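# Close look at the chain arrangement
Listed below, chain by chain, are the residues.
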Amino acid sequence: MITEAAAGRVALARVVDAPLDVAAHVAAVAGPTIGATDVFIGTIRDHDPEADGTVVALEYEAHPDAEGMLTALAGTVALNTGATIAVSHRFGALEVGDVAVVVASSAAHRREALESTRALIELIKTEVPIWKRQTDAGGRSGWVGL
């Protein structure tokens, strides 16, 4: 999904059940006016304070409105910072090492690129209805952050 803002632009905003291509996100925010690109890559790790043991897998579930909400939040951040943003979040079953979320932000200057990436990933964590259930090596599973 692509949206335009008076200052800034959302080049890509998706919630998908397929592997994420980091290079495609970087390419989506590239251009001749760009002086800085910042990228956040969220990967599945083997530990979590809420897990009893080693984490071996996560399963993400997304509300049907999650992509629309992600797009709206990215648009707000793009408008406020003037950055160009590409963002995707996965849902479904993921294993340790898989990429769960990518945020790429670019702007003429580093401040705007860095600020937009940080602002958007924080908003995703608190505002986008995507939930995760983690499974540990002992087979125990539980929802995180509910």
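Given the structure is predicted, the values throughout are model-derived calculations rather than measurements. (Residues numbered from 1 in each chain as written. Predicted model: local features only at pLDDT ≥ 70, side-chain atom pairs only at ≥ 80, totals over all residues. Heavy atoms only, no water.)

On to the overall build of the protein, then. Looking only at helices and strands, the protein has 3 helices and 9 strands in total. Reading the secondary structure of the protein in the N-to-C direction produces β-β-α-β-β-α-β-β-β-α-β-β. Computed over the C-alpha atoms, the radius of gyration of the protein is 16 Å, within 12% of the 15 Å expected from 2.2 N^0.38 for a compact globule of 146 residues. Each principal axis of the C-alpha atoms in the protein carries an extent, and together these give about 50 × 25 × 25 Å. Going through the 146 residues of the protein one by one, you find that 41% of them count as buried. Long-range contacts, defined as pairs at least 24 residues apart, comprise 73% of the intrachain contacts of the protein with a sequence gap of at least 6. Of the accessible surface of the protein, which amounts to about 7700 Å², a share of 52% is contributed by carbon and sulfur atoms. Considering the protein, the positive charge centre built from 11 side chains and the negative charge centre built from 19 side chains are found 5 Å apart. (Helix = DSSP H or I, 4+ residues; strand = E, 2+ residues; numbered from the N terminus. Rg over C-alpha atoms; globule rule 2.2 N^0.38 Å. Buried < 20%, exposed > 50% of the residue type's maximum accessible area, 1.4 Å probe, protein only. Contact = heavy atoms within 4.5 Å. Areas by Shrake-Rupley, 256 points an atom, 1.4 Å probe, with all protein chains shown as cover. Lys, Arg positive; Asp, Glu negative; His and termini not counted. Charge placed at Lys NZ, Arg CZ, Asp CG, Glu CD.)

Right, let's talk about the nonpolar core for a bit. Residues Tyr60, Ile85, Val87, Leu120, Ile124 and Val128 are the most contacted members of the largest nonpolar core, which totals 27 residues. Going through the elements one at a time, strand S2 (9-16), strand S4 (55-62), helix H2 (66-81), strand S5 (84-90), strand S7 (99-107) and helix H3 (110-127) are the ones with two or more residues in this core. Examining the composition of this core, we find that 6 residues originate from one element, H2, more than from any other. Ignoring any residue separated from it by four or fewer positions in sequence, one finds Val87 in contact with Leu12, Ala13, Arg14, His25, Leu70, Ala74, Val102, Val103, Leu120 and Ile124. (Core = buried A, V, L, I, M, F, W, Y, C linked by side-chain atoms within 4.5 Å.)

Bringing a nonpolar patch on the surface into the picture now. A cluster of nonpolar side chains, Val26, Val39 and Ile41, forms an exposed patch at the surface whose accessible area comes to about 190 Å². Residue placement: Val39 occurs in strand S3 (residues 36-43). (Patch = residues over 30% accessible without salt bridge, like charges linked within 9 Å, V, L, I, M, F, W, Y side chains within 5 Å. Salt bridge = Lys/Arg side-chain N within 4 Å of Asp/Glu carboxyl O.)

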